[in-house]
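Now for the letters of each chain:
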Amino acid sequence: MEIAFAKLATQGVTVDCFDCGENALNHFLVHEAADFGAKGLSATKLLVERETMRAVGFYSISPFCLARHFLADEQLSYYDVPFPIPAWLIGRLAVDSRYQGIGLGALLLHDAIVNIRSRAYDGAGALVIVDAKNRVVRGFYRKYGFRSLNQAGLKLARPIAEA
């Protein structure tokens with residue numbers, strides 16, 4: 001299988017058959033991502049199978065401000081400012097069920113972080129934030145250096161400089 005990254009609006013790319021097993025993520029990609037992009041709310045990037053031009057994965061990023069109460073004491077002393085911490089949010093990241101378990105999630109996460117680092121270089125941002133949907137997804141992000149921010153442990157962060 002040959003894959004490539006593509007912008008959401010790339011002509012000929014199909015997202016209608018995407019199914020990652022999570023209805024909210026499927027719905028976002030098929031029905032909301034383009035509108036969110038047009039409104040400047042998020043940017044969505046696809047991972048596409050070249051032969052079929054079918055989306056096999058995607059992620060969505062947006063600027064974010066993290067409220068200081070989410071930070072641990074050592075983080076508060078490091079980010080010693082009286083305002084929310086500028087960050088970037090990977091709001092959604094998913095792989096089609098038919099392609100899970102072969103490393104595409106890691107590939108998407110890597111590209112999202114490279115994308116964020118580029119944007120942060122020109123526009124600032126201290127952290128990459130993710131909202132894990134469940135404990136399994138939390139384990140995926142922890143494997144890549146993200147640490148829990150809240151008691152439930154489903155909001156995680158990693159300093160952009162370390163990502």
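As a further point, take the pattern of salt bridges. Pairing between side chains becomes possible if they bear opposite charge and their charged atoms approach one another. Applying the stated criterion across every chain, the model contains 6 salt bridges. Of the charged contacts, one joins Lys155 and Asp131 as a salt bridge, the two residues approaching to 2.8 Å between their closest N and O atoms. Residue Lys155 is found in strand S7 (residues 155-159), and its partner Asp131 is found in strand S5 (residues 127-131); the two are separated by 24 residues along the sequence. Here the residues in one salt-bridge network are Arg54, Asp96 and Arg98, joined through shared partners.

What follows concerns the packing of aromatic side chains. Evaluation of the coordinates by the stated rule reveals 6 aromatic pairs. Ring geometry for Phe18 against Phe58: centres 5.5 Å apart, planes inclined by 75 degrees, an arrangement best described as edge-to-face. Taken together, the positions of Phe18 in the loop between strand S1 (3-7) and helix H1 (23-38) and Phe58 in strand S3 (residues 54-66) put the pair 40 residues apart, joining distant regions of the chain. For the residue pair Phe18 and Phe58, the accessibility class agrees, reading buried in each case. Plain terms: the ring middles of Phe28 and Phe58 are 6.2 Å apart, the flat faces sit at 25 degrees to each other, and that makes the pair stacked. Placement of the pair is Phe28 in helix H1 and Phe58 in strand S3, with a sequence separation of 30 residues. Just as Phe28 is buried, Phe58 falls in that class too. It is Arg92 that lies over the ring of Phe28; its NZ or CZ is 3.8 Å from the centre.

The terminal C-alpha atoms of H1, which comprises 16 residues, lie 22 Å apart, in line with the 22 Å expected from a rise of 1.5 Å per residue. The sharpest bend along H1 measures roughly 60 degrees and falls at Glu32. If you check which residues of H1 are buried, you get Leu25, Asn26, Phe28, Leu29 and Ala33. Residues of H1 that are buried make contact with strand S2 (43-49), S3 and strand S4 (85-95). A positive backbone phi angle near 75 degrees is found at Gly40, which sits one or two residues after H1.

Conventions used here
Residues numbered from 1 in each chain as written. Predicted model: local features only at pLDDT ≥ 70, side-chain atom pairs only at ≥ 80, totals over all residues. Heavy atoms only, no water. Salt bridge = Lys/Arg side-chain N within 4 Å of Asp/Glu carboxyl O. Helix = DSSP H or I, 4+ residues; strand = E, 2+ residues; numbered from the N terminus. Phe/Tyr/Trp six-rings, centres within 6.5 Å; stacked < 30°, edge-to-face > 60°. Buried < 20%, exposed > 50% of the residue type's maximum accessible area, 1.4 Å probe, protein only. Lys NZ or Arg CZ within 6 Å of the ring centre and 35° of its normal. Expected span 1.5 Å × (residues − 1). Bend = angle between axes of the 7 residues up to and from the residue. Contact = heavy atoms within 4.5 Å.

Take it as geometry only, folks, not as evidence of what the structure does.
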